[in-house]
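# Geometric and topological summary
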Amino acid sequence: MPLPETTLGAQAFGRLQRFFFEASGITLAAHKQALVEGRLRKRLSHHGMEDFDRYCDLLLSPGSAEERQRAVDLLTTNETYFFREPDHFTRLAEDILPELTRRPVRVWSAACSSGEECYSLAMLLDDVLADERWELIGCDLSATMVRHAQRGLYRLQRLERLPSRYLKRYCRRGTGPYQGHLLIDRALRQRARFLRHNLFDEAPELGRFDIVFLRNVLIYFDAEGKRAIVRRVIERMNPGGWLFIGLSESLQGLGLPLRRVESSIYRLVR
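Figured I'd write up the structure that's included with this text.

Rules used in this analysis
Residues numbered from 1 in each chain as written. Predicted model: local features only at pLDDT ≥ 70, side-chain atom pairs only at ≥ 80, totals over all residues. Heavy atoms only, no water. Pairing = 2+ DSSP bridges. Helix = DSSP H or I, 4+ residues; strand = E, 2+ residues; numbered from the N terminus. Axes fitted to C-alpha atoms, helices over the stretch in contact; angles between N-to-C directions. Contact = heavy atoms within 4.5 Å. 1 Å grid on protein atoms, 1.4 Å probe; cavity = no way out; pocket = protein on both sides within 12 Å on 5 of 7 lines; lining within 4 Å. Points joined across faces, edges and corners; volume = space filled by probe spheres on them. Nonpolar A, V, L, I, M, F, W, Y, C, P; charged D, E, K, R; others polar. Parallel < 35°, antiparallel > 145°, perpendicular 65-115°, else oblique. Left-handed = near helix turned anticlockwise from the far one by under 90°.

Sheet architecture is open: seven strands sit in the order 6-2-1-7-8-10-9, paired in mixed fashion. The sheet is open, and its two edges are formed by strand 6 (192-196) and strand 9 (258-262), each paired on a single side. Each neighbouring strand pair of the sheet contributes to a mean axis angle of 20°, computed without reference to strand direction. Sheet analysis places strand 1 (residues 105-109) next to strand 7 (residues 209-214), joined by three bridges and oriented parallel. Directly across from Trp108, in strand 7, lies its bridge partner Val212. Sheet strands in contact with helix 7 (residues 143-151) are strand 2 (134-140) and strand 6, and its direction is about 165° off that of strand 6.

Structure, rendered in structure tokens:
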């Protein structure tokens, strides 16, 4: 017999706000309460719980790392598609990649979600640099998104901006149970490496990058959070490295060693 639905109360929502902020650095605004309730209700059903207070107790108890990760995955917004904000890719192909002499060229998709941005970069790198050496790493806070990206399987609806020549060259159309999907070519999948990573954490194991895409993630943070994240990213950039942020984002007033080249494109000046 299914449990009756319960409402997420103010106290439990406050606990979830604190939990998610500590896990991600993102503040869940008050108007997100209904969204949080909807996304986490399935976890209450899974555990046979009657209220959100008990679920909060579970999240904060020792030995619940797996459940905490599930909650983070459910509360993380992931909206992306291939070749999103295409002017960035044009700029990269026509002006930036031809000027880079360091090899391998190292590129970081720092908030890669389910991998569409990372594979867009992989297609571009393979096309422009041909047989020259390049390395590509995609990272995301959500372990679920990382697994999705590693698989490289996508619904055909995600293809609106994917150039037709890249579709033919780098994608395989699904058949049978995979009809309506495409699979990124195995050779390209093997060139991209995906890792779970919190942007607030140090990551010396990632090495340093010539190009970083940090797009459409800073909008979820206040000025101090933005500054902390971009400082971490800068630590992983080579001198003169290129940083791309979302078209609706800005680094103005953050006092960082970055020179604005044009809207949403910066270079590390040190």
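The next thing to look at is empty space enclosed by the protein. Scanning all chains against the criterion turns up one cavity of 30 Å³ or more. Approximately 40 Å³ is the volume found for the largest cavity. Forming the walls of the largest cavity are Trp108, His197, Leu199, Asp201, Glu202, Ala203, Arg232, Val233, Glu235 and Arg236. In terms of residue count, helix 10 (residues 223-235) provides more of the lining of the largest cavity than any other element does, three residues in total. Its residues assigned to classes, the lining of the largest cavity comprises four nonpolar, one polar and five charged.

This paragraph deals with the packing of helix 2 (residues 33-47) against helix 4 (residues 65-75). At a minimum axis separation of 9 Å, helix 2 and helix 4 run at an interaxial angle of 150°. The angle between the axes of helix 2 and helix 4 places the two elements in the roughly antiparallel class. Considering the relative orientation of helix 2 and helix 4, their crossing is right-handed. Residues Val36, Arg39, Leu40, Lys42, Arg43 and His47 of helix 2 lie in contact with helix 4, whose contacting residues are Glu67, Arg70, Ala71, Leu74 and Leu75. Tallied by class, residues from the contact of helix 2 with helix 4 come to five nonpolar, one polar and five charged.

These figures capture arrangement, not role.
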